Amino acid sequence: MSPKTVHQILDDPDFLELVRKKDRISAILTALELVLYFGFIALIAYNKAYLAEKISAGSSITIGIPIAVGVIVLSWILTGVYVFWANGKYDPMVKAVKEKMER
Amino acid sequence: MQAQPQSIIGTLSPMAIFFFLAFVAVTLGITYWAAKKTKNAAQFYAAGGGITGFQNGLALAGDYMSAASFLGIAGLVSLKGYDGLIYSVGWLVGWPIVMFLISEPLRNLGKYTLSDVVAFRLHPQPVKTAAAVGSLVTVLFYMTAQMVGAGTLIQLMFNLPYESAIILVGILIICYVLFGGMLATTWVQIIKACLLLGGATILVFLTLKSFNFSYPQMFSEAVRLYTPKFLEPGGLITKPLDAFSLGLALMFGTAGLPHVLMRFYTVPNAKEARKSVFYATGFIGYFYILTVTIGFGAAILVGKTFITSIDAGGNMSALALAEHLGGGPFLGFLAAVAFATILAVVAGLTLAGASAVSHDLYVGVFRHGKVKNDQEEMKVAKISTVGIGVIAILLGLLFKKQNVAFMVGLAFAVAASANFPALLMSIKWKRFTTAGAVSSMYTGLAVAVVLIVLSPTVWEDVFQDSSVKARAAAVATFTRLDGYSKDTAKSLATLQTQVAALQVDLAIPDLNAKVKANKTKALATGQADIAVLQGGTFPTALAAAKAAKDQAVAQVNKAPFPMKSPGIFSMGAAFLVGILVSLLKREESAEEMFESEKVRTYVGVGAEGSASH
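Every value quoted in this text rests on a predicted model; they were computed, and no experiment measured them. (Residues numbered from 1 in each chain as written. Chains lettered and ligands numbered in written order. Predicted model: local features only at pLDDT ≥ 70, side-chain atom pairs only at ≥ 80, totals over all residues. Heavy atoms only, no water.)

(A) How the structure looks around the overall build of chain B. Summing up its helical and strand segments, chain B has 25 helices and zero strands in all. Relative to its length of 613 residues, chain B is compact, with a C-alpha radius of gyration of 25 Å against a globular reference of 25 Å. On the principal axes, the C-alpha backbone points of chain B span a range of 85 × 50 × 45 Å. Looking at the 613 residues of chain B, the share that counts as buried comes to 60%. Across chain B, every contact between residues at least 6 apart in sequence was considered, and the portion connecting residues at least 24 apart equals 87%. Roughly 21700 Å² of accessible area belongs to chain B as shown, and the carbon and sulfur atoms make up 67% of that amount. (Helix = DSSP H or I, 4+ residues; strand = E, 2+ residues; numbered from the N terminus. Rg over C-alpha atoms; globule rule 2.2 N^0.38 Å. Buried < 20%, exposed > 50% of the residue type's maximum accessible area, 1.4 Å probe, protein only. Contact = heavy atoms within 4.5 Å. Areas by Shrake-Rupley, 256 points an atom, 1.4 Å probe, with all protein chains shown as cover.)

Shown next as structure tokens:
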């Protein structure tokens, strides 16, 4: 097989699949992060009473504390999910497309 | 009864000076080593693309974790409890956005700066000019806030005059950047990040040790001292739209900070770029959890009264806690780390500002992308570095004693409005045109700046400084007296202990003038309150304080724009204008080039980054 030009790559099904998958995962993860953070902000704005509840009877820790720490930790986990996906799925697809261009 | 420590904060600590000099010696040594390896523009701007993902993750964290956020957030938590925690969350959530939308395309499309990416398939002159203006405005606002904070902080910690502190910081950062370029800047960031994370970890370890390594016990103690309200959301978010707007600015502002984006060119490829965001997010998240713990620890172990007696904003809470738990040597170490932090952040900003001038404006606009040779670009970059460094010193001196708290918010709002929308649309949207990009960037910049000036943070806090201070003082007096009304006998006992502790502190001979003044004031207030409580005139005093508060509140003219953050409007306007102007007139060359851009965005083929040659 001869090397493909940029224009051939643009019509290549593998390339189109790669773009579609990458855009979809970026969009999903971005949406999750937005929901996570603005959900937290919405709770503070509209339901302070819930955040002020205690996590259990006799504890002085409010529900708000694990939720806030949870937003930080989950944000980090989302970046981990992306790296895991990209290393396992995206990089091999990129490699395959690159080989088509160079071969 | 909580311990009332005697404090040496504000005296010249030999330990602090020792640690600080050690840091300066090591970083100048690194600069010397880096200078020998920095021979061309790619090495100067991007460390030759030879930084690993892990190293860059630490350096990104170093760029982002400023002394202001360490001391400021710990202080906010120590005084406001849960509200401080809410605030810290906002500073982290931009990082996943950087990863999902920006980091890899940026690495694949650009060379040294974000304007390379925006201008990739558009007319370079107008686009690079606008992008450089956006970058410079962001960098200069951010820098002014850091420099003024640095001067005040160093004055408080080391008893060094403000002007000398500013000039010292300026000269050191010029040395790092001028001679060592991005390589030295990166290693200064890495060392600083390790010191800050290490120092904060030790402080949290000592804090938790006081509570038998039990967070529940720590929080119970916090509630016992400051009522359950301390762990509940308070007055930080009252207007949902304002909170949403600030959230947008923080989230998308991170994805438009020039000194952060520039770091993605220091790694060899998109894979390392994405890895570096993962590490950076982890380090920064960990750092904020530590900082919040330090804030709560300081509130409990050191006490709010003592913290505010050193600095009314609570900025010294982490240092006061360090002294309480680890004594003078640990205080000295942490103070030196805070100083190192300032140096590293300003160095990163200086390099980003210098690249906007030399790479975007001089090479991209003035020389139409064509320079005789690499050495010419290097020369201009070095001249720009000295220029930006001198500007940093001048800004620090010019804004001495000014209220610059709004400037970090403004930097984020400009980054989110002028830089981010154009960057995202140029990567993702085929129909985006030169006119669309330029109008979007200037609109975002103008709307953000104008609305901030019309907002309470500038219109009231800066323009009506004295009335606002009078209002704050009157409100504080009323709140304080109102607090006594629940249990006057207990309040009296607490006050007497505090006054006794302050008298001990004030007896330290070489206390610096500023700390002494703050403590003397706190002592006078305490003594006056004791007199009122003992003299039986408390109800009258409380009523008088309420009247004074109402009058002081009425004295301040309300800002025309009621929100604290313009993010939602300035970002919205930038996107809207960018889209509408692009739709008005097609730009065929840009649409054609989108195809080859697309292959490069996703696959990285043809990425000319600094590492590939």
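(B) Representation of the overall build of chain A within the structure. In terms of regular secondary structure, chain A is built from four helices and zero strands. In sequence order, the secondary structure elements of chain A are arranged as α-α-α-α. A compact globule built from 103 residues would reach a C-alpha radius of gyration of about 13 Å, whereas chain A, at 22 Å, exceeds it by more than 25%. Overall, chain A is about 70 × 25 × 15 Å in size when its C-alpha atoms are taken along their principal axes. Among the 103 residues that make up chain A, the fraction classed as buried is 44%.

(C) Here's a closer look at helix 25 (residues 588-603) of chain B. All names here are of chain B. With 16 residues, helix 25 extends 24 Å between its outermost C-alpha atoms, agreeing within 8% with the 22 Å of an ideal straight helix rising 1.5 Å per residue. Its axis deflected by about 35° at Glu595, helix 25 carries its strongest bend there. Within helix 25 the residues assigned to the buried category are Ala590, Glu591, Phe594, Glu595, Glu597, Val599, Arg600, Thr601, Tyr602 and Val603. Looking at the residues trailing helix 25, positive phi occurs at Gly604, about 85°. (Expected span 1.5 Å × (residues − 1). Bend = angle between axes of the 7 residues up to and from the residue.)

(D) Inspection of the confidence of the model for chain B at higher detail. Residue and element names in this part refer to chain B. The share of residues in chain B with pLDDT of 70 or more is 97%, and the mean pLDDT across the chain is 88. Every residue in residues 1-5 is under pLDDT 50, and counting partners more than four places away or in other chains gives 14 contacts. Overall, residues 609-613 carries pLDDT values under 50, and its contacts beyond four positions in sequence, including any with other chains, amount to 15 contacts. (pLDDT = per-residue confidence, 0-100.)

(E) Representation of the packing of aromatic side chains in the model. Scanning the model with the defined rule gives 34 aromatic pairs over all chains in all. Where Tyr82 of chain A meets Trp85 of chain A, the ring centres are 5.9 Å apart and the plane angle is 40°; that geometry is what we call tilted. Taken together, the residues span about one helical turn, with Tyr82 of chain A and Trp85 of chain A both in helix 4 (residues 64-102) at a distance of three residues. Overall, Tyr82 of chain A belongs to the buried group, its relative accessible area being 0%. Ring plane angle 85° and centroid distance 5.0 Å describe the contact between Phe54 of chain B and Tyr279 of chain B, whose orientation is recorded as edge-to-face. Within this pair, whereas Phe54 of chain B is found in helix 3 (residues 53-64), its partner Tyr279 of chain B is found in helix 13 (residues 270-302), the two being separated by 225 residues in sequence. When its relative accessible area of 41% is taken as the criterion, Phe54 of chain B is described as partly exposed. An aromatic cluster is defined as three or more aromatic residues linked by ring pairs; in this entry it consists of Tyr64, Tyr87, Trp91, Trp95, Tyr142 and Phe412 of chain B. For the cation-ring pair, Lys22 of chain A lies above Tyr90 of chain A, with the distance from its terminal atom to the ring centre recorded as 5.6 Å. (Phe/Tyr/Trp six-rings, centres within 6.5 Å; stacked < 30°, edge-to-face > 60°. Lys NZ or Arg CZ within 6 Å of the ring centre and 35° of its normal.)

(F) Just the interface of chain A and chain B, in detail. Contacts between the two partners involve 49 residues from chain A and, on the opposite side, 46 residues from chain B. Where chain A abuts chain B, roughly 4400 Å² becomes buried across the two surfaces, and 77% of that area is made up of carbon and sulfur atoms. Taken together, chain A and chain B are joined by five salt bridges. Among the ionic pairs, Glu232 of chain B bridges to Lys54 of chain A, the shortest N-O distance being 4.0 Å. For the pair chain A and chain B, the interface holds 13 residue pairs in polar contact (both at pLDDT 80 or more). (Buried area = accessible area lost by both parts, 1.4 Å probe. Salt bridge = Lys/Arg side-chain N within 4 Å of Asp/Glu carboxyl O. Polar contact = N/O pair within 3.5 Å; in protein donor to acceptor, adjacent residues only side chain to side chain.)

(G) Highlighting the pattern of salt bridges. According to the stated counting rule, one finds 26 salt bridges over all chains in the structure shown. A network of salt bridges, in which partner residues are shared, links Lys22 and Asp91 of chain A together with Glu104, Lys271 and Arg274 of chain B.

(H) Layout of the domain arrangement of chain B. Residues and elements named next belong to chain B. According to the domain assignment, chain B consists of domain 1 (14-464 + 558-603) and domain 2 (472-555). Listed as interface residues are 10 residues of domain 1 and, on the opposing side, 10 residues of domain 2. Buried surface at the junction of domain 1 and domain 2, summed over both partners, amounts to about 840 Å²; 52% is from carbon and sulfur atoms. Where domain 1 meets domain 2, there are zero salt bridges. Counting across the domain 1 and domain 2 interface gives two residue pairs in polar contact (both at pLDDT 80 or more). Elements that contribute at least two residues to the side of domain 1 that touches domain 2 include exactly helix 8 (124-158) and helix 14 (304-310). Here the side of domain 1 that touches domain 2 gets four residues from one element, more than from any other, and that element is helix 14. (Domains from an automatic or database assignment.)

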